[in-house]
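# Descriptive analysis of the structure
The lines below spell out each chain.
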Amino acid sequence: MRLTTKLLGALPVAYAVGALAEQVVLEADNGGQSATVEWGPCDPVSVQNPSLSCGFMKVPLDYHNPAAGSGRLALAKIHATGERLGTMFFNPGGPGESGITTLEAFGSVLLGYTGGMYDIVSWDRRGVGSLTVPGDILCFDTVGSYNDFWDGTIELTGIEMTGDFSDPDDIAALLAQAPLLQRKYEELGARCLEQPTGKYLKYVGTAATVRDLVALADALDGPGAPVNYIGASYGTILGSWLINMFPERVGRVVLDAVIDPAALASEETTDIWFNRLLLDADKVYQGFVAGCVLAGPEGCPIAAVGHGASDVDNSIKTLLRLAHDSARRSNGTAEVTSADIRSAFFWSMWYPQTWTDLAMALKSEFSPALQTNSNENGTKRRRARTHPAGEAVSYTNAAILCSDGVDRQGTSMTDVFLNIISASKGSSELFSAFWPWSFNYCPFWPERAVERYQGHFNTTPANPILVVSNTLDPVTPRAGAESVTRVFGDNARLVLKPGFGHTSGAGPSQCLQEVVFAYVENGTLPDAYETLCEVDADFELFPGVNTQAILASLSDAKTDQ
């Protein structure tokens, strides 16, 4: 059962260039490379938005070693609709999200933020997609070989646990997998190096992508032109490195849902994930519960008349416990497991507009499946989990993240598992055991980038920057945005949006759109160091329940404690 597919849908994954209509050739000042962008219509089979143009640009694999050879970036562009001020580059994060498919899906939103005054250009960065070279990092020849390799491990089943690992049997079962999974992760690294994409692992890092971005700006807006950029989530690492590697090139830069770059330069990714990025995840879950209570059984079917937050929370925890016990009895082949339910919650916390769908699925899909398991003694249980045959198995997220991270520190899989157990009692009871996750590959990943930027992070940019964060983001808490803003002092302003979800796109805000528009139009920033921008009141997370109502309910509950 893959609830997240139902909740979030799927975006197109490829595009192609038709007859070339436009060519731009300029000298880039980034490594002396001749930057050429060839634009043309996109293949309508893959990109349905006719307003997009598509193109390619050749780049060096290693800007410091021409002998390493060259690669190619696949690009997409939405043309400015008004008087053009330049190019606004956009990266959606991931770090392996396709900029092209994201631009097709959300290009109109970006045009709204920029007032149509910029060409919006995004691209599939190194390690992403099938047209950029190097593209997706593939470590298995087939999905079947992937499933065979991971058969019988938590890589396919997820981690079964209840509460904060309150059951000693759950701790024992997890730690018992550590030797096998460590060996598997080390073997995975060897497999990745042996595949055709293995030779590119050292070239997919973000420092090279920063240089690609500067080369793109040179090609499209002229040598030395200011680089205008909007980066979300891991795209804020790209933005932070841009600011510090090329401070003189900083134009209008917006960082949304910030990961602290200083942490990435000094801490293992597992520590960043468990100790920093999950800090607000359970608070977002509490928002879901509060919203469900406010909606009542008509808007949230897992609630009942007269139920309070503790009742709804107990109902969810009961469902998790039933799923956990079912999985233990069935030896990993249950129709629904606690890992399934936690995974559905994890992704839905990113996108609060899916909360009603999640509540419906908990009532109509998960609960009946668990009842079937219990009443029929498992006769309708499915086979052991496998990766779906129609989905490619890409390790792009891990390849980019780990190539940017610190050197291997000798961390063992037992150490990682102990961190999970500890985090379940601290940063996030509900989501610390989410598995697999790209941050957990890095202690065993075989390669780091030939160039990594590891500081300083307090340079003075040519123009001030704008930093944006939700107050309750499940994977990039506001602390990251506050830290980056504080480091830049008078050269940055922070906009906080009281609300839930990952990135500011999780809930519309006319106030935020006006702040961003004023900034990208003429550099106008709020006078105050910190500005609050409310989510639009007509944005409902459950029927009749908006963000402000949920936040007020959480505040009242805290006051009553």
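Here's a quick rundown of the structure. (Residues numbered from 1 in each chain as written. Predicted model: local features only at pLDDT ≥ 70, side-chain atom pairs only at ≥ 80, totals over all residues. Heavy atoms only, no water.)

### What about the packing of aromatic side chains?
Pairs of aromatic rings are described using the distance from one ring centre to the other and the angle between the two planes. Definition in use: Stacked, tilted and edge-to-face are the three classes applied to pairs of Phe, Tyr and Trp rings, where Trp contributes its six-membered ring and a pair requires centres within 6.5 Å; stacked means planes under 30 degrees apart, edge-to-face means over 60, and tilted covers the rest. For helices the rule is a DSSP run of H or I covering at least 4 residues; for strands it is a run of E covering at least 2, with both sets numbered from the N terminus onward. Placement of a positive charge over a ring is assigned whenever Lys NZ or Arg CZ falls within 6 Å of the ring centre and within 35 degrees of the normal to the ring plane.
Taken as a whole and assessed by the stated rule, the structure comprises 34 aromatic pairs. With centroids separated by 5.7 Å and ring planes inclined at 80°, the aromatic side chains of F288 and W355 adopt a geometry described as edge-to-face. Taken as a pair, F288 in helix α11 (residues 281-299) and W355 in helix α14 (residues 355-375) lie far apart in primary sequence, 67 residues in all. Members of the aromatic cluster, joined through ring pairs, are F140, Y146, F149, W150, Y185, Y395, F417, W435, Y441 and F444. Directly above the aromatic system of F56 lies the positively charged group of R72, at a separation of 4.3 Å from the ring centroid. The residue whose ring lies beneath K77 is W39, and the NZ or CZ to ring-centre distance is 4.4 Å.

### A look at the state of the cysteines
Worth spelling out the cut-off: Disulfide: a pair of cysteine sulfur atoms within 2.5 Å of each other. Think of it in three bands: with a 1.4 Å probe and only protein chains considered, a residue is buried below 20% of the maximum accessible area for its type, exposed above 50%, and partly exposed in between.
As enumerated under the stated definition, the model contains five disulfides in all. The side chain of C42 participates in a disulfide bridge whose partner is C54; the two sulfur atoms lie 1.8 Å from each other. Judged by the sign of its S-S torsion, about 95°, the bond between C42 and C54 is right-handed. Here C42, found in the loop between β2 (34-41) and β3 (52-60), pairs with C54, found in strand β3; they are 12 residues apart in sequence, far enough to count as distant. Among the residues examined, C42 registers a relative accessible area of 12% and is labelled buried. Residue class for C54 comes out buried when judged on its relative accessible area of 0%. Here C139 is linked by a disulfide to C192, with a sulfur-sulfur distance of 2.0 Å. Sign of the S-S torsion, about 105° for the bond between C139 and C192, identifies this disulfide as right-handed. Of the two residues, C139 sits in the loop between β6 (118-124) and α3 (143-150) while C192 sits in helix α6 (residues 178-194), which places them 53 residues apart along the sequence. For the pair C139 and C192, a shared accessibility class is recorded, and that class is buried.

### A word on the environment of A323
Tracing the backbone shows A323 in helix α12 (residues 309-330). Along the primary structure A323 and S338 are separated by 15 residues, whereas in three dimensions their C-alpha atoms are 4.9 Å apart.

### Overview of helix α17 (residues 478-488)
Stated formally: We call two residues in contact whenever any of their non-hydrogen atoms come within 4.5 Å of each other.
Listing the buried residues of α17 in full gives G480, A481, S483, V484, T485 and F488. Where α17 is buried, its residues meet α8 (235-245), β8 (250-256), α9 (261-266), β9 (465-472) and β10 (492-500). Immediately beyond the C-terminal end of α17, within one or two residues, lies G489, with a positive phi of roughly 55°.

### Details of the pairing of strand β7 (residues 227-232)
Put simply, the rule is: Two strands qualify as a pair provided that DSSP identifies no fewer than 2 bridges between them. Orient the strands so they point away from the viewer, and a crossover whose first-strand-to-second-strand path over the helix runs clockwise is right-handed.
The buried count for β7 comes to six of six residues, which makes it a mostly enclosed element. Because side chains alternate across β7, one face comprises the buried residues V227, Y229 and G231, and the other comprises N228, I230 and A232, equally buried. Of the strand pairs in this sheet, strand β5 (residues 86-91) and β7 are connected by four bridges, and their pairing is parallel. Opposite F89, over in β7, you have Y229 as the bridge partner. In the sheet, β7 pairs with β8 via five bridges, with the strands oriented parallel. Directly across from A232, in β8, lies its bridge partner D256. The parallel pair β7 and β8, bridged by α8, forms a crossover whose chirality is right-handed.

### A few points about the packing of helix α10 (residues 269-277) against helix α16 (residues 413-424)
Here is the rule: Note on method: axes are straight lines fitted to C-alpha atoms, helices fitted across the in-contact stretch only, with angles between N-to-C directions ranging 0 to 180 degrees. Any angle from 65 to 115 degrees is called roughly perpendicular, while one under 35 is roughly parallel, one over 145 is roughly antiparallel, and all others are oblique. Ten residue types, Ala, Val, Leu, Ile, Met, Phe, Trp, Tyr, Cys and Pro, are classed as nonpolar, four, Asp, Glu, Lys and Arg, as charged, and the remainder, Gly among them, as polar.
Axis separation between α10 and α16 bottoms out at 10 Å; the angle between their running directions is 10°. By the criterion of interaxial angle, the relationship of α10 to α16 is roughly parallel. The segment α10 lies against α16, with T270, D271 and F274 engaging V416, N419, I420 and A423. Partitioned by chemical class, the residues of the contact of α10 with α16 number four nonpolar, two polar and one charged.

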